[in-house]
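Single-letter residue listing:
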Amino acid sequence: LSICFRTVEPLEYYRRFLKENCRPDGRELGEFRATTVNIGNTGSITTADGSALVKLGNTTVICGVKAELAAPAADSSNKGYIVPNVELPSLCSERFRSGPPGEEAQAASQFIADVIENSQMIVKEDLCIANGKLAWVLYCDIICLDYDGNLLDASVFALLAALKNVQLPSVIISEETGLSEVNLKQKTPLTIRKHPVATSLAIFDDTLLIVDPTAEEEDLATGTVTIVTDEEGRLCSVHKPGGSPLTGAKLQDCINRAITRHKEVKKLIDKVIKSITPK
């Protein structure tokens with residue numbers, strides 16, 4: 001089909017492919033784009049305490065985790081903090097402007113915060129060093145380098161991979177001085193209690209579901225839905241910002257796909273971590 005038709009009637013152009021159960025990029029409706037992950041100093045951020053770079057087709061997201069020490073909040077004296085932030089700089093796509101975070105970046109940051117909370121991937125009590133005195137703050141910066149749809153799946157994946165790679169130094173509070181002493185030679189990995197994985201689908205013409213939508217597919221879709229599951233197949237979150245309603249059966253179909261996808265992503269992370277673990 002001609003480029004001209006695609007430009008003038010993008011939705012009709014798409015429908016012709018969908019009728020044949022495929023998409024313009026050659027994928028089947030239930031097929032994810034090629035997914036890769038790099039963890040730690042293999043091409044990610046060397047200044048971070050943990051980092052990862054995830055590619056989902058052309059969508060590229062990097063996550064850096066920085067650990068700092070702070071006093072716990074008065075009302076939760078035995079908890080640390082996790083502060084996620086998603087950035088969509090103008091360099092990743094012409095749809096984003098420079099300046100303060102736009103609506104999509106804010107919504108993504110909130111979504112990531114909800115995933116951390118609902119999945120209990122990290123329990124904030126684990127980040128406490130001394131009750132009422134000292135705790136870890138994990139700043140999780142997720143930056144999109146190239147935007148081609150499905151930001152949420154890539155962001156959750158990059159976050160999980162980066163956190164799996166964090167090593168925290170041992171910290172003790174000296175009884176004599178009351179000051180904290182950090183030992184950088186003694187490091188322990190962060191305790192990751194659950195492994196949430198996001199699976200996003202676009203809804204076409206209110207009925208057809210396609211997984212891992214590109215930016216163009218998101219623009220043409222009548223709705224999107226993101227399902228987050230953990231390794232036990234437990235539902236951590238369903239994110240559906242408006243758009244076409246989903247029947248119970250369709251939603252169950254989405255959840256089943258998410259559970260299958262979880263196994264693939266977990267396998268990928270485990271393989272990469274195994275490859276960088278010192279023998």
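The shown structure was predicted, so the numbers you read here are calculated from the model rather than taken from an experiment.

## Focus on the overall build of the protein chain
- Helix and strand content of the protein chain: six helices and twelve strands.
- In summary, the protein chain has a C-alpha radius of gyration of 21 Å against a globular reference of 19 Å for 279 residues, a match within 12%.
- Expressed along its principal axes, the backbone C-alpha trace of the protein chain runs to roughly 75 × 40 × 35 Å.
- Counting across all 279 residues of the protein chain, residues that qualify as buried make up 44%.
- For the protein chain, long-range pairs separated by at least 24 residues make up 66% of all intrachain contacts whose partners lie at least 6 apart in sequence.
- A total of about 14000 Å² of accessible surface is found on the protein chain, and carbon and sulfur atoms cover 52% of it.
- Of the side chains in the protein chain, 30 bear a positive and 37 a negative charge, and the two mean positions are spaced by 5 Å.

## Topic: the packing of aromatic side chains
- In this structure the tally under the stated criterion is three aromatic pairs.
- The interplanar angle of 15 degrees and the centroid separation of 5.7 Å between the aromatic rings of Tyr-14 and Phe-204 together place this pair among those described as stacked. A residue pair is termed long-range when its members are at least 10 positions apart, and Tyr-14 in helix H2 (residues 10-19) and Phe-204 in strand S9 (residues 197-204) qualify at 190 residues. In this pair, the class of Tyr-14 matches that of Phe-204, namely buried.

## Points about helix H6 (residues 248-276)
- In a regular helix each residue adds 1.5 Å, so 29 residues correspond to 42 Å; H6 covers 42 Å between its end C-alpha atoms and thus fits that length.
- Every buried residue of H6 is listed here: Cys-254, Ile-255, Ala-258, Arg-261, His-262, Val-265, Lys-266, Ile-269 and Val-272.

## Topic: the confidence of the model for the protein chain
- Within the protein chain, residue pLDDT values average 91, and 96% of them lie at 70 or more.
- Mean pLDDT across the elements of the protein chain bottoms out in helix H1 (residues 3-8) (74) and peaks in strand S4 (residues 81-87) (97).

## A few points about the nonpolar core
- Within the largest apolar cluster, 55 residues are counted, with the highest numbers of intra-cluster contacts made by Ile-122, Leu-138, Leu-159, Leu-163 and Leu-190.
- Among the elements that line this core, the one with the most residues is helix H4 (residues 151-164), at eleven residues.
- Ignoring any residue separated from it by four or fewer positions in sequence, one finds Leu-163 in contact with Val-65, Met-121, Ile-122, Leu-138, Cys-140, Leu-190 and Ile-192.

## Description of the sheet that holds S9
- One open sheet holds the four strands; their spatial order is S10-S9-S11-S12, and the pairing between them is antiparallel. Every other strand in the sheet has two partners, leaving strand S10 (208-211) and strand S12 (235-239) as the edge strands with one partner each. Adjacent strand axes in the sheet meet at a mean angle of 25 degrees when their direction is disregarded.
- Against the sheet, helix H3 (residues 103-119) touches strand S11 (223-229) and S12, its axis set at about 155 degrees to S12.

## Brief notes about the pairing of strand S8 (residues 180-189)
- In terms of strand pairing, strand S7 (residues 167-173) meets S8 through seven bridges, oriented antiparallel. Paired with Ile-172 across the bridge in S8 is Glu-181.
- The antiparallel hairpin formed by S7 and S8 contains six residues in its connecting segment, where Gly-178 sits at a positive phi of about 75 degrees.

## Focus on the environment of Ile-116
- Tracing the backbone through its elements, the reader meets Ile-116 in helix H3.
- On the basis of relative accessible area, Ile-116 is assigned to the buried category, the value being 5%.
- Sequence separation between Ile-116 and Ile-269 is 153 residues; the distance between their C-alpha atoms is 18 Å.

## Brief notes about a nonpolar patch on the surface
- Residues Leu-69, Val-182 and Leu-184 make up a contiguous nonpolar surface patch of roughly 250 Å² in combined accessible area.
- Within the element layout of this structure, Val-182 appears in strand S8.

## Re the packing of H3 against H4
- Contact geometry for H3 and H4: axes closest at 11 Å, N-to-C directions at 50 degrees. Of the possible angle classes, the one that applies to H3 and H4 is oblique. Seen from above, H3 lies across H4 with right-handed handedness. Counting all contacts with H3, which are made through Ala-108, Phe-111, Ile-112 and Ile-116, the residues of H4 involved are Leu-151, Leu-152, Ser-155, Val-156 and Leu-159.
- When grouped by side-chain class, the residues that make up the contact of H3 with H4 number eight nonpolar, one polar and no charged.

Conventions adopted
Residues numbered from 1 in each chain as written. Predicted model: local features only at pLDDT ≥ 70, side-chain atom pairs only at ≥ 80, totals over all residues. Heavy atoms only, no water. Helix = DSSP H or I, 4+ residues; strand = E, 2+ residues; numbered from the N terminus. Rg over C-alpha atoms; globule rule 2.2 N^0.38 Å. Buried < 20%, exposed > 50% of the residue type's maximum accessible area, 1.4 Å probe, protein only. Contact = heavy atoms within 4.5 Å. Areas by Shrake-Rupley, 256 points an atom, 1.4 Å probe, with all protein chains shown as cover. Lys, Arg positive; Asp, Glu negative; His and termini not counted. Charge placed at Lys NZ, Arg CZ, Asp CG, Glu CD. Phe/Tyr/Trp six-rings, centres within 6.5 Å; stacked < 30°, edge-to-face > 60°. Expected span 1.5 Å × (residues − 1). pLDDT = per-residue confidence, 0-100. Core = buried A, V, L, I, M, F, W, Y, C linked by side-chain atoms within 4.5 Å. Pairing = 2+ DSSP bridges. Axes fitted to C-alpha atoms, helices over the stretch in contact; angles between N-to-C directions. Patch = residues over 30% accessible without salt bridge, like charges linked within 9 Å, V, L, I, M, F, W, Y side chains within 5 Å. Salt bridge = Lys/Arg side-chain N within 4 Å of Asp/Glu carboxyl O. Parallel < 35°, antiparallel > 145°, perpendicular 65-115°, else oblique. Left-handed = near helix turned anticlockwise from the far one by under 90°. Nonpolar A, V, L, I, M, F, W, Y, C, P; charged D, E, K, R; others polar.

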